[in-house]
Amino acid sequence: MLKDCIREEIKALSAYAVPSAEGMVKLDAMENPFVLPDDLRTAMARRLSSLEVNRYPEANPEALKTLLRQTMGIHPAAALVLGNGSDELIQMIALTVAKPGAVILGVEPAFVMFRMIATFVGMRFVGVPLKADFTLDGPALLSALEREKPALVFLAYPNNPTGNHFDAGVLEEVIRRAPGLVVIDEAYFPFTDRSFLPRLLEYPNLLVMRTVSKLGLAGIRLGFLSGPAGIVNQIDKVRLPYNISMLDQAVAMEVLAHGEVLQTQADLIRQQRRVLARQLSAIAGVTVYPSDANFLLFRVAQAPRIFDGLRHRGILIKNLSAAHPLLADCLRVTVGTSEENQRFLDALQDTLR
Ligand code: PMP
């Protein structure tokens, strides 16, 4: 039978779901709600119109890497590899260590692609549950390290979908005790002041991953992984040729050269996060969890019904109720513009009535 050639674990997966958001207030995917200013859009258009798209893109875009090093403050001695979004980097790292029987360790709930990509590459994923308040269970994590001897540990800092930072001291202990690689995923770095990037070369097994998606460039696909050259250069070998398109490179060069525009937008999102958290927690029956990211996780009775009520009122957020037992009755809303946030709050009040 033709379908017998498909791996059982792939048949058992559900594809990563992206619902249509046409005509809706889109607060489901941690995007920056602000568009670029007109002068930057014009400069971008000028740059794109001069591209020779009959040619392959730069295979190893050094100018873009240099710009990323400057704008993100990457240590000159650390090596850098670029990915088509950090999703591709997660896959590349996993492919590099995917020996038969090798394990990826993470926590749960966490970013679902850690587990999915483990399956793609034939690795076993072990997820250590967070505590009920979504903090790390340090002893459980450290004993899982001992027991599983993972080739790879993925931890997001801040975590998605919970929005909190994990205890940096416990993370350092994990990095010290891990027998393999530890990736700190800093996808939400624009909305926090904490980072492991400055500590990159203090540990031989530490890698830090970031993306420009949440910063305001989700439409191009660009992430980077930084760490010791001896490791990063091995991971770079499994990168497909020309993985960053010419269009993506050009847009990143233009916009990141004016990085202050995106940083100002991120600062506005941080302000709006405070306002939204205050307003949301003032609603009776709603519990809001602390967030250092550009989204808020909240708990409300009958969350699936509330999610549907919001959707019928034109507001798309994320229903996490069934994603993990710790997330029962939890919803996640991305911080939007003040107007979008107000529309969300009005629709929520209306649904709860
Ligand atoms: N890591 C985390 C923790 C995320 O939440 C996401 C996106 N939801 C990603 C990585 C993927 O980002 P990218 O757009 O760069 O693939």
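Described below are features of the structure shown in this document. Throughout this description, residue numbers start from 1 for each chain and increase along the sequence as written. Owing to the predicted nature of the model, reporting of local features is limited to residues with pLDDT of at least 70; listing and counting of side-chain atom pairs is limited to 80 or more, with chain, interface and lining totals taken over all residues. Remark: hydrogens and water are excluded; side-chain values derive from all non-hydrogen atoms of the structure.

## A closer look at the packing of aromatic side chains
Move 1: In this analysis, rings of Phe, Tyr and Trp, with Trp reduced to its six-membered ring, are considered paired at centre separations within 6.5 Å, and the interplanar angle assigns stacked below 30 degrees, edge-to-face beyond 60, and tilted for intermediate values. Tallying each qualifying case throughout the model produces seven aromatic pairs.
Move 2: Taking 4.7 Å as the distance between ring centres and 0° as the angle between the ring planes, the aromatic pair formed by Phe114 and Phe154 counts as stacked. Of the two residues, Phe114 is situated in helix α5 (residues 112–120) and Phe154 in strand β5 (residues 152–156); the sequence distance between them amounts to 40 residues.
Move 3: Throughout this description, buried means an accessible area under 20% of the type-specific maximum (1.4 Å probe, protein chains only), exposed means over 50%, and partly exposed covers the range between. We classify Phe114 as buried; its relative accessible area is 2%.
Move 4: With a centroid separation of 5.0 Å and an interplanar angle of 70°, the aromatic rings of Phe134 and Tyr289 are classed as edge-to-face. In DSSP terms, a helix is any run of H or I states spanning at least four residues, a strand is any run of E spanning at least two, and both are numbered starting from the N terminus.

## Considerations on empty space enclosed by the protein
Move 1: Definitions used for this entry: grid spacing 1 Å over protein atoms alone; cavity, a set of points where a 1.4 Å probe fits but cannot get out; pocket, an open set with protein on both sides within 12 Å along at least 5 of 7 lines; lining residue, one with an atom within 4 Å of a point. Grid points are joined across faces, edges and corners, and a volume is the space filled by probe spheres set on the points. Per the counting criterion, the structure on display carries one cavity of 30 Å³ or more.
Move 2: Approximately 30 Å³ is the volume attributed to the largest cavity.
Move 3: Looking at the largest cavity, the residues that line it are Ala59, Asn60, Pro61, Lys65, Leu80, Val81, Leu82, Asp236, Arg239 and Asn243.
Move 4: A total of three residues in the lining of the largest cavity trace back to one element, the largest contributor, which is strand β2 (residues 79–83).
Move 5: Each residue gets one of three labels, nonpolar for Ala, Val, Leu, Ile, Met, Phe, Trp, Tyr, Cys and Pro, charged for Asp, Glu, Lys and Arg, and polar for the others, Gly among them. Here the lining of the largest cavity is composed, by residue class, of five nonpolar, two polar and three charged.

## A short note on the sheet that holds strand β4 (residues 124–129)
Move 1: If you walk across this open sheet you meet the seven strands as β2-β8-β7-β6-β5-β3-β4, and the pairing is mixed. Both outer strands of the open sheet, β2 and β4, are each paired with one neighbouring strand and no more. Taking the axes of each pair of neighbouring strands and ignoring which way they run, one obtains an average angle of 25° across the sheet.
Move 2: Where β2 and strand β8 (residues 223–227) come together, five bridges link them in antiparallel fashion. Across the sheet, the residue bridging to Leu80 is Ser226, located in β8.
Move 3: Sheet strands in contact with helix α6 (residues 138–148) are β3 (103–108), β4 and β5, and its direction is about 165° off that of β3. By the convention used here, strands pair only if DSSP detects at least 2 bridges between them. Here an angle of 0 to 180 degrees is reported between the N-to-C directions of two axes, which are lines fitted to C-alpha atoms, with helices fitted over the stretch in contact. The contact definition used throughout considers only heavy atoms, calling two residues in contact when any of these lie within 4.5 Å.

## Notes on the nonpolar core
Move 1: Among the nonpolar cores identified, the biggest contains 89 residues, and Leu152, Leu225 and Leu256 are the most heavily contacted of them.
Move 2: Broken down by element, the residue count for this core peaks at six residues, all from helix α4 (residues 86–97).
Move 3: When residues of this core are assigned to domains, at least three fall in each of domain 1 (2–36 + 260–352) and domain 2 (53–257).
Move 4: Not counting the four nearest positions on each side in its chain, Leu256 is found in contact with Leu64, Leu67, Leu68, Thr71, Val212, Leu215, Leu217 and Leu262. In this text, buried Ala, Val, Leu, Ile, Met, Phe, Trp, Tyr and Cys residues form a nonpolar core when linked through side-chain atoms within 4.5 Å. For the domain bounds, the source is a domain assignment made automatically or taken from a database.

## So, the site of the ligand
Move 1: Residues are counted as near a molecule or strand when any one of their heavy atoms sits within 4 Å of it. In the vicinity of the ligand lie 13 residues, with Ser86, Asp185, Tyr188, Thr211 and Ser213 positioned nearest.
Move 2: Any N or O atom pair separated by 3.5 Å or less is treated as a polar contact, with the protein-specific requirement of one donor-capable and one acceptor-capable atom, and with residues adjacent in sequence counted only for side-chain atom pairs. Within the contact set of the ligand, an oxygen atom lies 2.7 Å away from a backbone nitrogen or oxygen of Ser86.
Move 3: Within the contact set of the ligand, an oxygen atom lies 2.6 Å away from a side-chain nitrogen or oxygen of Ser213.
Move 4: Burial of the ligand by the protein chains amounts to 94% of its free accessible area of 400 Å². Accessible surface area values rest on a Shrake-Rupley calculation with a 1.4 Å probe, where residue burial reflects the displayed protein chains alone.

## Examining the sheet that holds strand β10 (residues 295–300)
Move 1: Read from one edge of the open sheet, four strands run β9-β10-β13-β12, paired in antiparallel fashion. Unpaired on one side and paired on the other, β9 (286–288) and β12 (318–319) mark the two borders of the sheet.
Move 2: The pairing of β9 with β10 spans three bridges and is antiparallel. By the bridge assignment for β10, Thr287 is matched with Arg299.
Move 3: Against the sheet, helix α12 (residues 303–312) touches β10, β12 and β13 (330–334), its axis set at about 35° to β13.

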